[in-house]
Amino acid sequence: MPGKKKAVRRKIHLTHKGTASASQPALTLAEKKCILLDSLKTAYKKQYDALQPIPYIKDRLYCVDKVFVEGGIEHVLETQSENSQKERLSSYKNIFTDSSSRSYTRRIVKGEAGYGKSTLTLQLAYDWCNGVQDSPVSAADVLILLKLRQLGNVRSIYKAIKVIYCQVSTANSKDIKDILQRCTTVKIVLDGFDEYPNREKSNRSDILRIIKSNCSKHLM
Ligand SMILES: Nc1ncnc2c1ncn2[C@@H]1O[C@H](COP(=O)(O)OP(=O)(O)O)[C@@H](O)[C@H]1O
Ligand SMILES: [Mg+2]
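What counts as what
- Residues numbered from 1 in each chain as written.
- Chains lettered and ligands numbered in written order.
- Predicted model: local features only at pLDDT ≥ 70, side-chain atom pairs only at ≥ 80, totals over all residues.
- Helix = DSSP H or I, 4+ residues; strand = E, 2+ residues; numbered from the N terminus.
- Buried ≥ 20, exposed ≤ 12 C-beta atoms within 10 Å, placed from the backbone.
- Contact = placed C-beta atoms within 7 Å.
- Near = placed C-beta within 6 Å.
- Nonpolar A, V, L, I, M, F, W, Y, C, P; charged D, E, K, R; others polar.
- Core = buried A, V, L, I, M, F, W, Y, C linked by C-beta atoms within 7 Å.
- Expected span 1.5 Å × (residues − 1).

Identification of the protein as Putative NACHT, LRR and PYD domains-containing protein 3-like from Stichopus japonicus is taken from an unreviewed UniProt entry.

Caption draft 1: Geometry of the overall build of the protein. A count of helices and strands for the protein gives 7 helices and 6 strands. Secondary structure elements in the protein, listed N-terminal to C-terminal, are α-α-α-β-β-β-α-β-α-α-β-α-β. Expressed as a percentage of the 220 residues in the protein, the buried residues total 23%. Partitioning the contacts of the protein with sequence separation of at least 6, the portion at a separation of at least 24 is 60%.

Caption draft 2: Main features of the site of ligand 1. By nearness alone, every residue bordering ligand 1 is listed as P53, V67, F68, V69, G111, A113, G114, Y115, G116, K117, S118 and T119. For the shell around ligand 1, the element with the most residues is helix α4 (residues 117-130), which contributes 3 residues. Taken together, the residues that form the shell around ligand 1 break down as 6 nonpolar, 5 polar and 1 charged.

Caption draft 3: Just the nonpolar core, in detail. Ranked by size, the top nonpolar core spans 35 residues in total, and within it A125, L143, L146, I161 and I176 carry the most contacts. Mapped onto this core, the elements with two or more residues apiece are α2 (29-48), α4, β4 (142-147), α5 (157-165) and α6 (173-181). Residue contacts for I161: discarding those within four places in its chain leaves I144, C166 and I176.

Caption draft 4: The arrangement of α4 in detail. End to end, α4 covers 20 Å across 14 residues, agreeing with the expected 20 Å (1.5 Å per residue, within 8%). Within α4, burial applies to L120, T121, L122, Q123, L124, A125, Y126, D127 and W128. Those residues of α4 that are buried lie in contact with α2, α3 (64-67), β3 (106-109), β4 and β5 (186-191). A positive phi of about 55 degrees marks G131, the residue just after α4.

As structure tokens, then:
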């Protein structure tokens with residue numbers, strides 16, 4: 001029976017990808033969390049280990065931690081005011097701890113193309129994966145790094161994580177939501193707002209809700 005053969009082949013294929021088969025018990029949420037963390041760390045490592053700081057040298061890739069230079073971030077002292085003064089941060093590690101911004105839970109990093117915004121996101125991913133001391137993200141249970149240009153019409157942050165990082169794992173968007181809601185600290189880093197296909201659309205997007213929240217503090 002050709003249909004039956006196809007179904008069996010599909011079952012074997014799924015098992016090979018690390019998902020539960022009919023003979024195995026379903027994975028618990030804790031197990032799915034381990035798989036999610038593993039997928040995230042593997043994907044982040046691929047990105048932060050592949051920097052090309054010298055554009056015409058294509059055959060050498062560098063880890064972000066080897067090329068990252070500190071000291072270029074200023075923070076806006078009064079986020080609500082148009083002409084607020086700026087002050088230089090001694091380190092990106094202080095972006096959540098400088099005294100004027102403790103009441104804000106989010107940070108918006110602005111800068112012209114090439115100023116290092118994406119590189120900063122990779123440094124944060126490196127810090128989380130490697131538990132770098134004093135980094136603002138190392139204590140987080142989960143760090144979610146999303147390049148907004150990859151999201152297309154995806155509006156749910158959970159769906160975005162599924163689509164970008166968990167295509168071959170059993171965790172669905174609902175599992176991802178359950179996993180993240182049970183964490184003590186989740187840090188979300190969104191890169192490339194200018195390239196986000198949904199940026200002009202309504203607040204039905206989780207991404208826009210996160211960015212437009214008035215608990216955001218501006219950095220340049
Ligand atoms: N903090 C940094 N230390 C060293 N090199 C950097 C740093 N930030 C950016 N660069 C270099 O500048 C290039 C452009 O930075 P990028 O992060 O892509 O800018 P943006 O995202 O703001 O457009 C990177 O490929 C990297 O080589
Ligand atoms: Mg960029």
